[in-house]
Amino acid sequence: MSSRANPKVAVLMGGPSAEREVSLTSGRECAAALREAGYDVVEVDAGPDLSARLADLKPDVAFNALHGRWGEDGCVQGMLEWMGIPYTHSGVLASALAMDKQRSKDVYRACGLPVVESIICPKSEVSKRHVMAPPYVVKPNNEGSSVGVYLVNEAANSPPHLSEEMPEFVMVETFAPGRELTTTVMGDRALTVTDILTDGWYDYDAKYKEGGSHHVVPADVPQEIFDACLDYALRAHDALGCRGVSRTDFRWDEARGLEGLILLETNTQPGMTPTSLAPEQAGQLGISFSEFCAWMVEDASCNR
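Sequence order as written defines residue numbering, which begins from 1 separately in each chain. Only residues with pLDDT of at least 70 get local features here, since the model is predicted, and only at 80 or more are side-chain atom pairs given and counted; chain-wide, interface and lining totals rely on the full set of residues. Only heavy atoms go into the side-chain values, all of them from the structure, while hydrogens and water stay out.

Draft legend 1. Geometry of the pattern of salt bridges. Salt-bridge detection follows one rule: a side-chain nitrogen of Lys or Arg within 4 Å of a carboxyl oxygen of Asp or Glu. This model, assessed by the stated rule, comprises 14 salt bridges. Between aspartate 100 and arginine 103 there is a salt bridge whose closest N-O contact spans 2.8 Å. When its relative accessible area of 14% is taken as the criterion, aspartate 100 is described as buried. Taken together, the shared-partner salt bridges in this structure form one network comprising Lys105, Lys139, Glu173 and Glu265. Think of it in three bands: with a 1.4 Å probe and only protein chains considered, a residue is buried below 20% of the maximum accessible area for its type, exposed above 50%, and partly exposed in between.

Right, here's the structure in full:
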């Protein structure tokens, strides 16, 4: 951080990923909040000339509001490390690990965190036959925001017809039934638990469209489950080496009690839109959106 009275913050947003539009919304919201907090803010739509633009701008901090590939998989983090620009959220290794769903599951298992069975298979094979017994879920191994998720029901006679946009290799994982829960970690503190209610699958529209989902925060779940979510989210954050803010998602089959709580994935760049979960959880603890964004700027560094 600079000693200037009003540190210059470059808010990185947009980018070329499948989550570009959400990132633009997140970035604009964060930029407005940081201006309110007194920072000198520049909004930067991340393109191929990003390094040149940052070299010209000479920001004190890069606020990473990018989502999806290139922005949260270690790529932009590596560039910022090379340029010596302090940045928010997780570093190169943690970002790459968390974005790779299969490898992050390996880390969770090694730490005794509960996950479902999953395999990586060629897209062509998944489209030909059931590679595991239904019900199961098919998704890209390195995208977020429920981009390209296929739910294959137990009664499905045929395998899913995957779109051409799906990558050559995909993740196939056992479907975990139950309620959708999530917990945000801020530094070394797990904030609270949200119960996400939707009419169907918690897909891209449910996450980002107004009215797409209803959030119950704090979640009305048994104390044992609530405490386990906080514990698991913090352990996942630490095991992956995350920094700043992360959010870990769960499924909970209440008929099975604690054994029904399954960790799905950890998001190192949680959404920062008006309907997003992490700012909402911070708000429940009395942390305003402006304070939440400012905390991330003050936490920024290199060597993350």
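Draft legend 2. Examining the sheet that holds strand S5 (residues 136-140) more closely. The four strands are arranged S4-S7-S5-S6 in an open sheet whose pairing can be described as antiparallel. Across the chains shown, the open sheet's two edge strands, defined by having one partner strand only, are strand S4 (118-122) and strand S6 (150-152). Adjacent strand axes in the sheet meet at a mean angle of 25° when their direction is disregarded. Strands are treated as partners if at least two bridges between them are detected by DSSP. Numbering goes from the N terminus for both helices and strands, where a helix is a DSSP run of H or I of at least four residues and a strand is a run of E of at least two. Where S5 lies against strand S7 (residues 169-174), five bridges are found, and the strand directions are antiparallel. Paired with proline 140 across the strands is valine 170, a residue of S7. Any pair of residues with heavy atoms lying within 4.5 Å of one another is described as a contacting pair. Angles run from 0 to 180 degrees between N-to-C directions of axes, and those axes are lines fitted to C-alpha atoms, restricted for helices to the stretch in contact. Docked against the sheet, helix H5 (residues 101-110) engages S4, S5 and S7, running at close to 160° with respect to S4.

Draft legend 3. Quick peek at the pairing of strand S2 (residues 40-45). Sheet analysis places strand S1 (residues 8-13) next to S2, joined by six bridges and oriented parallel. Residue methionine 13 lies in a different strand from S2, and its bridge partner there is aspartate 45. The handedness rule is simple: strands pointing away from the viewer, and a clockwise path from the first strand over the helix to the second, make the crossover right-handed. Following the chain from S1 across helix H1 (residues 20-36) to the adjacent parallel S2, one finds a crossover that is right-handed.

Draft legend 4. Fine view of helix H10 (residues 289-299). Listed in full, the buried residues belonging to H10 are Ser290, Phe292, Cys293, Ala294, Met296 and Val297. On its buried side, H10 packs onto S1, H1, strand S3 (61-64), strand S8 (179-186), strand S11 (245-252) and helix H9 (277-284).

Draft legend 5. Main features of the packing of aromatic side chains. Centres within 6.5 Å make a pair out of two Phe, Tyr or Trp rings, where for Trp the six-membered ring is used; the pair is then stacked when the planes are under 30 degrees apart, edge-to-face when over 60, and tilted otherwise. Enumeration according to the criterion identifies one aromatic pair in this entry. Consider the rings of tyrosine 232 and phenylalanine 250, whose centres lie 6.4 Å apart with planes at 40°: the pair is tilted. Of this pair, tyrosine 232 sits in helix H8 (residues 223-240) while phenylalanine 250 is found in strand S11, placing the two residues 18 residues apart along the sequence. Residues tyrosine 232 and phenylalanine 250 agree in their burial class; the two are buried. For a ring to carry a charge above it, either NZ of a lysine or CZ of an arginine must fall within 6 Å of the ring centroid while also lying within 35 degrees of the normal to the ring plane. For arginine 69, the ring lying beneath its charged end belongs to tryptophan 70, and the centroid distance is 4.8 Å.

In short, the description is geometric, and any link to function would need to be established separately.
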